[in-house]
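Take a look at the letters that make up each chain.
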There are 2 protein chains.
Amino acid sequence: MKFKCNQQTLSKALNIVSKAVTNKTTLPIMKGIMLKVDENGILTMSASDFYISVEKSLKVEDFLPGSIVVMSKLFGDIVRKLPNDDVYFELVDNYVVIKCQNTEFKILGLSSDEFPVLNKVENNNEVIKLDRQLLIDMIKRTAFAASIDEAKGVITGVLLEMGPEKFNMVALDGYRMAISRERVDINEEKKIVIPAKIIGELNKILLETADEEYDVNMIITEKKVVFIMDNTKVILNLLEGEFIKYQDILPKDNTTTVVLNKNDLAKCIERASLLAKEGKNNLIKFSITENNILITSKSEEGNVKENLSVYKEGNDLEIGFNSKYILDVLKVIDDEDIKMEFKQSINPCIVKPIEGNVYEYLVLPVRITTN
Amino acid sequence: MKFKCNQQTLSKALNIVSKAVTNKTTLPIMKGIMLKVDENGILTMSASDFYISVEKSLKVEDFLPGSIVVMSKLFGDIVRKLPNDDVYFELVDNYVVIKCQNTEFKILGLSSDEFPVLNKVENNNEVIKLDRQLLIDMIKRTAFAASIDEAKGVITGVLLEMGPEKFNMVALDGYRMAISRERVDINEEKKIVIPAKIIGELNKILLETADEEYDVNMIITEKKVVFIMDNTKVILNLLEGEFIKYQDILPKDNTTTVVLNKNDLAKCIERASLLAKEGKNNLIKFSITENNILITSKSEEGNVKENLSVYKEGNDLEIGFNSKYILDVLKVIDDEDIKMEFKQSINPCIVKPIEGNVYEYLVLPVRITTN
């Protein structure tokens, strides 16, 4: 095996492929990236752990076909620190010789025979075309709400619900739930659940490849979902199990509606959180009256009162929240103004755009003692 | 006590004073900052741990004299998160009420009676005027070389050696030594040692106050050194004990001199370090021949060769180093080209500017087995 490639191009590609390399393994080969050059001068780099596999291809020059596995961290560090110039790679015995300007590295490789082979994707499955930015935004707005408790099974994942004119993502953790709804025309009704952690890795890859690759195709197989871009392929393992019937949780008869500026609310809650300590569920209290929300919190160190001008319809209300759950959603919404809907102090609150329901975020209240 | 002050101004000042607040204490008052308003409307903020005390003053409005101690972290967080506008402070019972726009905080204060009082500086000591940038640069070029082993006593500090036309800083740790020499006219011969860690805090304060305060005056008392700027006073405790006679360590009969590009050398060593592992003292080898240095290193993962063009005078030489000790000095030198002087493979190497000796960095070699 040998090939020539530009340093920057290779370094960017390695950065993407390395997202599938785990460090939590004692098997050396699993810390590796496979480099494979085919007869057409296409270098394919691939890495895989149990949950995610990534494969990226690029055209190389002065090549001889062959394959080898190199340690991901060392190889990535070397390529990243080389000058931005042509880099020459050659397999000599079991060593990869790397030459660039006045530098020559020689590093030990491992046989690619033991490297896990990525599954072939069956050709008869529906190819779902997705807009890259839409996918990025939907993941950003839902994945953070999934449970981080590994024992919680299917709710550590993000539900993807598809069908004609329907593409929804849903995540929840027992305290809050995020629903993102978009229109994508998909023939077959399908439901899959992707672990939130690895859909997060997919999102990093989508963001990092945004300047070079545009279309994203999704193919769903029995136990996996594959995302295919121009030169990058990401395969994610699905979570098994029935997702919660989330539609039943959504309240339908809210009686108080508030419209407010998102950034102003975020600043008020950030300040109020300074006196809402961990041990007390970060409790902040909303007192909603005509055109005003008084946000308060207290601890043994003191208390804080914030007044926020809002547009209100419906009943006055006192309700308590874990400030973290409200701040989390404000970070992922791009809208300047948002709507909050309430019923009573024991019912969940809904955060959503002023118009429509492309996004809904539900958060359970914390019981407050009125004193 | 009450006063009015701009949020940004106060936030910047608190950021500086808080550098003297320790979190390693169980005494609540030691985690505090004292706020004191005098009859002239000067707010003085001060904090102190055993090693460093910082005091900063600023003019406030709508004031009533008085004093209180507030928890540094909470108070700093509150002020930082307030809008950039006038902030009103008032002491009500033992609480500090903080008002800004629609926000009102009320936080518990502690009596200032138990707060440590900063020592008055005796007036009969010599006031040494120092250029701020010179002080910043000298600290940057020496403090990193001090020992970080607390058991090593006086060499965990930076020596300041003063006299007529003499102002030197020296730090060493048994493996390397950094000497910075400048001309400052100081009447009295003096030697003091400042703990490297707290001279580092002083440097942060010098950098952060650079835009508002220019002159730095230094006053040395028996056990302390005081740095006085326009509105900021920093008091550092000195280390006791006799500093090593560092002049005796400097070699005088080097036989090989090399002039090279600093950035090129840094890049070569960074790459070579990838295969010089911790357990082996980060060993890299220099083979110095006519107009070239071959830098090599190896581990069980592979090896690397770097060729660097240099200007050389004197004998050829093979010598080994801990790459970290060379990289450390290259980070603090601003010169484009530098000079390295060698004698034999068992003698220390000197890194210095091409001309003069305002800076000298000595590093001991690592023994290499020539095979």
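Just above sits the structure.
Thresholds, definitions, all that
Residues numbered from 1 in each chain as written. Chains lettered and ligands numbered in written order. Predicted model: local features only at pLDDT ≥ 70, side-chain atom pairs only at ≥ 80, totals over all residues. Heavy atoms only, no water. Helix = DSSP H or I, 4+ residues; strand = E, 2+ residues; numbered from the N terminus. Buried < 20%, exposed > 50% of the residue type's maximum accessible area, 1.4 Å probe, protein only. Contact = heavy atoms within 4.5 Å. Polar contact = N/O pair within 3.5 Å; in protein donor to acceptor, adjacent residues only side chain to side chain. Axes fitted to C-alpha atoms, helices over the stretch in contact; angles between N-to-C directions. Left-handed = near helix turned anticlockwise from the far one by under 90°. Pairing = 2+ DSSP bridges. Phe/Tyr/Trp six-rings, centres within 6.5 Å; stacked < 30°, edge-to-face > 60°. Lys NZ or Arg CZ within 6 Å of the ring centre and 35° of its normal. Salt bridge = Lys/Arg side-chain N within 4 Å of Asp/Glu carboxyl O. Nonpolar A, V, L, I, M, F, W, Y, C, P; charged D, E, K, R; others polar.

Novice: It is not clear to me how the environment of K129 of chain B should be interpreted in this structure. Could you clarify?
Specialist: Residues and elements named next belong to chain B. Relative to the helices and strands, K129 is located in strand β10 (residues 127–130). Taking relative accessible area as the criterion, K129 reaches 58% and is therefore assigned exposed. Placed 86 residues apart in sequence, K129 and D215 show a C-alpha to C-alpha distance of 7.3 Å. Discounting chain neighbours no more than four positions away, the residues touching K129 are V184, V216 and N217. Engagement of the side chain of K129 in a polar contact is seen with the side chain of N217, the distance being 3.3 Å.

Novice: Explain the packing of helix α3 (residues 132–142) of chain A against helix α4 (residues 196–208) of chain A here, please?
Specialist: Angle between the axes and distance between the axes are the two parameters that describe a pair of packed helices. All names here are of chain A. Remark: α3 packs on α4, axes separated minimally by 10 Å, with the N-to-C direction vectors making an angle of 145°. The handedness of the crossing between α3 and α4 is left-handed. Seen from α3, the contacting residues are R132, L135, I136, I139 and K140; seen from α4, they are I199, L202, N203, L206 and L207.

Novice: Just to check I follow, could you spell out the sheet that holds strand β16 (residues 224–228) of chain B for this structure?
Specialist: Adjacent strands of a sheet form backbone hydrogen bonds with each other and so pair up, either parallel or antiparallel. Residues and elements named next belong to chain B. Taken together, the eight strands give an open sheet; going across it, the order is β6-β2-β3-β4-β17-β16-β15-β10, and neighbouring strands pair in antiparallel fashion. Unpaired on one side and paired on the other, β6 (66–71) and β10 mark the two borders of the sheet. Strand-to-strand twist across the sheet, computed as the mean angle between neighbouring axes with direction ignored, equals 20°. Strand direction decides the pairing type here: strand β15 (residues 216–220) and β16, joined by four bridges, are antiparallel. Paired with I219 across the bridge in β16 is V226. Docked against the sheet, helix α2 (residues 72–81) engages β2 (32–37) and β6, running at close to 95° with respect to β6.

Novice: Sorry if this is basic, but what is going on with the packing of aromatic side chains here?
Specialist: The description of an aromatic ring pair rests on the distance of the ring centres and on the angle between the ring planes. Scanning the entire structure with this criterion turns up 14 aromatic pairs over all chains. Each ring, one from F3 of chain B and one from F89 of chain B, has its centre 4.5 Å from the other, and the planes form 15°; the classification is stacked. In this pair, F3 of chain B sits in strand β1 (residues 2–6) while F89 of chain B sits in strand β7 (residues 86–92), placing the two residues 86 residues apart along the sequence. Looking at F89 of chain B, the relative accessible area reads 2%, which means it is buried. One aromatic cluster is present, built from ring pairs that chain together F3, F75 and F89 of chain A. Directly above the aromatic system of Y95 of chain A lies the positively charged group of K106 of chain A, at a separation of 5.2 Å from the ring centroid.

Novice: I keep staring at the interface of chain A and chain B and nothing clicks. Help me out?
Specialist: Interfaces are often described in size by the accessible area the parts lose on coming together. On the chain B side, the residues contacting the 27 residues of chain A number 27 residues. Taken together, the connections running from chain A to chain B amount to two salt bridges. With a closest N to O distance of 3.7 Å, K81 of chain B and E270 of chain A form a salt bridge. At the boundary of chain A and chain B, one finds 14 residue pairs in polar contact (both at pLDDT 80 or more). For the side of chain A that touches chain B, the secondary structure elements donating two or more residues are α2 (72–81), β9 (103–108), α5 (262–273) and β21 (302–309) of chain A. Along the lines of polarity and charge, the residues of the side of chain A that touches chain B split into twelve nonpolar, five polar and ten charged. Two elements, β21 of chain A and strand β9 (residues 103–108) of chain B, share five bridges in a ladder whose sense is antiparallel. Bridging from a neighbouring strand, N303 of chain A pairs with K106 of chain B of β9 of chain B.

Novice: Explanation requested: the environment of S180 of chain A in the structure shown.
Specialist: Residue and element names in this part refer to chain A. Along the chain, S180 turns up in strand β13 (residues 176–182). Separated by 178 residues in sequence, S180 and V358 have C-alpha atoms that sit 5.7 Å apart. In this view, S180 contacts M138, T142, F167, N168, M169, V358 and Y359; residues no more than four positions away in its chain are not counted.

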